[in-house]
Amino acid sequence: MLTETSLSIWGWGSLGIVLSLITFGPFVIFYLAFYILCFVGGGFVVTLLFGKTNSEKYLEQCEHSFLPPTSTGIPKCLEEMKREARTIKIDRRLTGANIIDEPLQQVIQFSLRDYVQYWYYTLSDDESFLLEIRQALQNALIQFATRSKEIDWQPYFTTRIVDDFGTHLRVFRKAQQKITEKDDQVKGTAEDLVDTFFEVEVEMEKDVCRDLVCTSPKDEEGFLRDLCEVLLYLLLPPGDFQNKIMRYFVREILARGILLPLINQLSDPDYINQYIIWMIRDSNCNYEAFMNIIKLSDNIGELEAVRDKAAEELQYLRSLDTAGDDINTIKNQINSLLFVKKVCDSRIQRLQSGKEINTVKLAANFGKLCTVPLDSILVDNVALQFFMDYMQQTGGQAHLFFWMTVEGYRVTAQQQLEALSGRQKDGKHQTNQTKGLLRAAAVGIYEQYLSEKASPRVTVDDYLVAKLADTLNHEDPTPEIFDDIQRKVYELMLRDERFYPSFRQNALYVRMLAELDMLKDPSFRGSDDGDGESFNGSPTGSINLSLDDLSNVSSDDSVQLHAYISDTGVCNDHGKTYALYAITVHRRSLNSEEMWKTYRRYSDFHDFHMRITEQFENLSSILKLPGKKTFNNMDRDFLEKRKKDLNAYLQLLLTPEMMKASPALAHYVYDFLENKAYSKGKGDFARKMDTFVNPLRNSMRNVSNAVKSLPDSLAEGMTKMSDNMGKMSERLGQDIRQSFFKVPPLIPKTDSDPEHCRVSAQLDDTVDDNIPLRVMLLLMDEVFDLKERNQWLRRNIKNLLQQLIRATYGDTINRKIVDHVDWMTSPEQVADLVKRFRDAFWPNGILAETVPCRDKAIRMRTRVAGKTKLLSIMPDELKHIIGAETTRKGILRVFEMFQHNQLNRRMVYVFLEGFLETLFPQYKFRELFNRLHSRSKQMQKYKQKLQTTQAPSLQKR
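Fair warning: this is a prediction, and the values are worked out from it, not measured in the lab.

Trainee: For the overall build of the protein chain, give the residues involved together with the corresponding values.
Mentor: Along the protein chain, the regular secondary structure elements total 42 helices and five strands. Out of the 957 residues in the protein chain, the part that is buried amounts to 44%. In the protein chain, the share of contacts with a sequence separation of at least 24, taken over all contacts with a separation of at least 6, comes to 74%. Entry remark: accessible area of the protein chain is about 53,500 Å², with carbon and sulfur atoms responsible for 55%.

Written out as structure tokens, the structure reads:
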């Protein structure tokens, strides 16, 4: 049935289509579609016109029916507002100090003029809105000034800022270590360092991370807006704060007009580099520091910038048309620039080729190292710590501990016996008590190191031990009672292949040389491909031998060295006049002859003489340096006489008999005559402070915890020390064993690990050290990474600083710090800061234009200049305390920390947060900042990591 119906429908439909095509033609489909479209369109137009007309009529009826007339209301309201307008009186007093209020009023005026008035006057001529904003700003400043006067700023400037800076530096150091540990072969990029930095920050801070604020401009603007709104809530009257329009205007002015540009400037690495150079502008850059920076630089941009500038200067000097004496000066300048350019090219080539650039590793592989005698190691703070570490590795620490304990015993015994003899002259008799204490100390040393029960036991001849035991039983102890055994222990350490000979082949020995600044930096010489390596720091390449080679020269009769002063002159440097001596050096051998010139001042001769007479006591009676004398106007006769005396000094020094009598003297002579800037040893100040620095030339209190038990002076008598002297040697041995070396952690790092907390968490409140000592120790710990060194070195540094501060200032140092903080917060200094801010943003009353970004090459050269300046101002005394390599690494680590914009922003925000927490202690700003930083991605990862690590422990419970 259905099939028949469908066939009929298709049949009739087909018939209709065929008839239509026959009747109307083939275009019938188009005609039909056109007719339908016209019908629909006409109906839509008619409906639209009809609806529009009726809607207008209805709306007109509604308007006249329900709404009252308003033709006179608005004009009348405006008229009433104008009639009731009153003048707002602005009180120009802000802080109560006129010298501060005047520049502050100018800052407010300039801010309104440049950020509000220029667009507001295009909308309205009414002044009341501008006056209201000005009044709101002044109210905020008045509240701010009132709060500042009520706060004691001393803890903030002496503790909080130091803690924040030290913690920031610690996070940076640990981030660098993490980058290094990830892959030693691939150098991490700046982005990797920034990411790792904030990972370490959240691990240390636990509840806050500032990565979004420091890396995202959008989040930073939002943070500043929120912070400014909170400050306005605290500083503005309630009525002004409820006015949203005015509040938003003031907020934007503070956030985007003042705070954000200021933070941008303070966090700009180039600005910080320029500021560093300006801060130490009185210090001259020396050649040695500049070349060290070039040789240590791992930034190709810095090296290329210096090389291009050197090439530019070379081109300029070669274009000069000069004659006479000037031509020699220009030739010297050209040679120096060529050497700088060569060093830069060599360094760039090495960095691009991926070859080893670590000086210590390269020197270890190179094989030619200078020899430092064992007796010099044992009396040098820096060298001794490396020898200690090596002796611990080889199991020979007992021998070294014994040697040092005996040395300390001898010094203390001599002091006590001298004090005893002085008291006997005064009629005071304490002979038995003193000898009993010394006997107890000597017996303690014997029991700990030489007896059968000693563990570990010092291995020496049995007859010497028996002789010592018999002496202790039947005779009074003397300072020299251990000398025979100590001498044997010294010979054992010197000759046994396990100890000193093997130490010279160990990597610790190379690191020791680097710390003593006796390791020459590698540079390229000879071949173009850079395969020729030498430890050469001289621009002329005159002396290409290592110190070992030079020492061998002195023993070779076929090599002769002759030096004499060929010329003298008077130089003027920044108003200081001094004589300069040109030394001509001839070196003759069987196959070659070399000659070079070097230039030295009298102070260089004096330092050299002091150095060699300290090392070789027999020379002090033979060599006599002409006395130092100051002349306002150095005449020619005086210079000629001094030249004659110094020539006689050089001739006596270079005699073959003198060299053979003291073979190690060749090290010092060749270093002095080498064609390079002379590196002075200890200055006068360092020599005066040797009793503080060197534990082996000081009393027992510098090598043990007995420092708190011994008297401050020998004149105080034996009373104070009698209670503890009996156990002195036992405490000394235990202290040496426990504190000389770092103990490796036995458990994983936890929240209580000092390396995973803020620096201030390590302050010991039970110690009565004053503020400057704590500050100096905190800074030195973090800047120079002293926690990585053994505790013996850190203790010596602490003793040095403690005695130095007390000897220099006594108890007045705290008062000096308080006075300095008061001076920093005085009205005069605050007014000066406001004026500097005003002049920086509005020089001559005009809004400063955006500073154009300086050329990359200029910024790179500024970096090199900044590092050179910092390295130049480091005193030699500091290098002698903690080591030259450690000093360089610490200074360059601090400088490198400032070369990252995001990290600088983090430090600025940390200082700002600390400032606000100090200014408003009654409000919970710490919780507020934690909430503002809660959207940190690193914080979220850290919480997820904590949940993952805590889940297994909870399941076990």
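Trainee: Would you mind going over the packing of aromatic side chains in detail, with residue names and values included?
Mentor: This structure, assessed with the given rule, holds 35 aromatic pairs. With a centroid separation of 5.2 Å and 75° between ring planes, the pair formed by Tyr 156 and Phe 157 is classed as edge-to-face. Taking the relative accessible area as the measure of exposure, Tyr 156 reaches 6% and is therefore buried. Looking at Phe 157, the relative accessible area reads 27%, which means it is partly exposed. Through a chain of ring-to-ring contacts, the aromatic side chains of Phe 223, Tyr 909, Phe 920, Tyr 923, Phe 925 and Phe 929 assemble into a single cluster. The ring centre of Phe 672 lies 5.4 Å from the NZ or CZ of Arg 600, which sits over that ring. One residue, Arg 642, lies across the ring of Tyr 602, its end atom 4.3 Å from the ring centre.

Trainee: Describe in detail the nonpolar core, supporting the description with residues and values.
Mentor: Core analysis: the biggest nonpolar cluster contains 87 residues, and Phe 784, Phe 920 and Phe 925 have the highest contact counts within it. Not counting chain neighbours up to four residues away, the residues in contact with Phe 920 comprise Arg 147, Leu 231, Leu 234, Leu 235 and Phe 925. Judged by nonpolar contacts, the second largest core, of 50 residues, contains Leu 384, Leu 468, Leu 472 and Phe 503.

Trainee: For the pattern of salt bridges, give the residues involved together with the corresponding values.
Mentor: Counting across every chain of the model gives 36 salt bridges. With a shortest N-O distance of 2.8 Å, Arg 225 and Glu 252 are connected by a salt bridge. Of this pair, Arg 225 sits in helix α9 (residues 217-235) while Glu 252 sits in helix α11 (residues 244-266), and the two are 27 residues apart along the sequence. Given the relative accessible area of 22%, Arg 225 is considered partly exposed. Residue Glu 252 is classed as partly exposed on the basis of its relative accessible area of 25%. Each member of the salt-bridge network shares a partner with another, and the members are Glu 221, Arg 225, Glu 229, Arg 247, Arg 251, Glu 252 and Arg 256.

Trainee: Which residues make up the confidence of the model for the protein chain, and what are the values?
Mentor: Any residue range with low pLDDT should be treated as having predicted coordinates unsuitable for detailed reading. Of all residues in the protein chain, 72% attain a pLDDT of 70 or more, and the chain-wide mean is 75. Ranking the elements of the protein chain by mean pLDDT puts strand β2 (residues 533-535) last, at 35, and helix α40 (residues 901-919) first, at 93. Taken as a whole, residues 683-752 scores under 50 in pLDDT and shows 140 contacts with residues more than four places along the chain or in a different chain. Ignoring residues within four places in sequence, the model shows residues 765-769, a span with pLDDT below 50, making six contacts including any to other chains.

Trainee: Explain a nonpolar patch on the surface residue by residue, including any values.
Mentor: Together, Phe 27, Ile 29, Phe 30, Tyr 31, Phe 34 and Tyr 35 line one region of the surface with nonpolar side chains, adding up to about 770 Å² of accessible area. Relative to the elements of secondary structure, Phe 27 occurs in the loop between α1 (2-24) and α2 (28-66).

Trainee: Which residues make up the packing of helix α4 (residues 98-120) against α11, and what are the values?
Mentor: The description of two helices packed together rests on the angle between their axes and the distance between the axes. Following both chains from N to C, one finds α4 and α11 inclined at 125°, their axes separated by 11 Å at the closest point. Relative to α11, the element α4 lies oblique. Note on packing geometry: the crossing formed by α4 with α11 is right-handed. Residues Ser 111, Leu 112, Tyr 115, Val 116 and Trp 119 of α4 lie in contact with α11, whose contacting residues are Phe 249, Ile 253, Gly 257 and Ile 258. Looking at the contact of α4 with α11, its residues break down into seven nonpolar, two polar and no charged.

Trainee: Can you break down unusual backbone geometry residue by residue, with the values?
Mentor: With an omega dihedral of -5°, the bond running from Ser 455 to Pro 456 counts as a cis peptide bond. Examined against the element boundaries, Pro 456 turns out to sit in the loop between α20 (431-449) and α21 (462-474). Here Lys 206, not a glycine, exhibits a phi torsion of approximately 75°, which is positive. Residue placement: Lys 206 occurs in the loop between α7 (190-205) and α8 (211-215). The exposure class of Lys 206 is partly exposed, given its relative accessible area of 25%. Even without a glycine there, the phi angle at Asn 844 is positive, about 60°. Structurally, Asn 844 is set in the loop between α36 (827-841) and α37 (856-873).

Rules and cut-offs
Each chain has its residues counted from 1, following the order in which its sequence is written. In keeping with the predicted nature of the model, local features appear solely for residues at pLDDT of at least 70, side-chain atom pairs appear and are counted solely at 80 or more, and the whole-chain, interface and lining totals rest on all residues. Neither water nor hydrogens contribute to the side-chain values; these are computed over all heavy atoms in the structure. Strands here mean DSSP runs of E at least two residues long; helices mean DSSP runs of H or I at least four residues long; both are numbered from the N terminus. To sort residues, take the accessible area from a 1.4 Å probe on protein chains only and compare it with the maximum for the residue type: under 20% means buried, over 50% means exposed, and anything in between is partly exposed. We call two residues in contact whenever any of their non-hydrogen atoms come within 4.5 Å of each other. Accessible surface is estimated by sampling points in the Shrake-Rupley manner with a 1.4 Å probe; for residues, cover comes only from the protein chains shown. The aromatic pairing rule takes the rings of Phe, Tyr and Trp, using the six-membered ring of Trp, and pairs them if the centres are within 6.5 Å, calling planes under 30 degrees apart stacked, those over 60 edge-to-face and the rest tilted. Only when the NZ atom of a Lys or the CZ atom of an Arg is both within 6 Å of the ring centre and within 35 degrees of the ring normal do we say a charge sits over the ring. Side-chain atoms within 4.5 Å are what join buried Ala, Val, Leu, Ile, Met, Phe, Trp, Tyr and Cys residues into a set we call a nonpolar core. For this document, the term salt bridge refers to a Lys or Arg side-chain nitrogen within 4 Å of an Asp or Glu carboxyl oxygen. Confidence of the predictor at the level of single residues is given by pLDDT, which spans 0 to 100. Only residues whose relative accessible area exceeds 30% and that form no salt bridge enter a patch; like-charged residues are grouped when within 9 Å of one another, and nonpolar side chains (Val, Leu, Ile, Met, Phe, Trp, Tyr) when within 5 Å. An axis is simply a line fitted to the C-alpha atoms; with a helix, the fit covers only the stretch in contact. Between two such axes, the angle follows the N-to-C directions and lies from 0 to 180 degrees. Each angle gets one of four labels, with under 35 degrees taken as roughly parallel, over 145 as roughly antiparallel, 65 to 115 as roughly perpendicular, and the rest as oblique. Helix crossings fall into two classes, left-handed where the near helix is turned counterclockwise from the far one by less than a right angle and right-handed where it is turned clockwise. Throughout this entry, Asp, Glu, Lys and Arg are counted as charged residues, while Ala, Val, Leu, Ile, Met, Phe, Trp, Tyr, Cys and Pro are counted as nonpolar. The remaining residues, Gly among them, count as polar.

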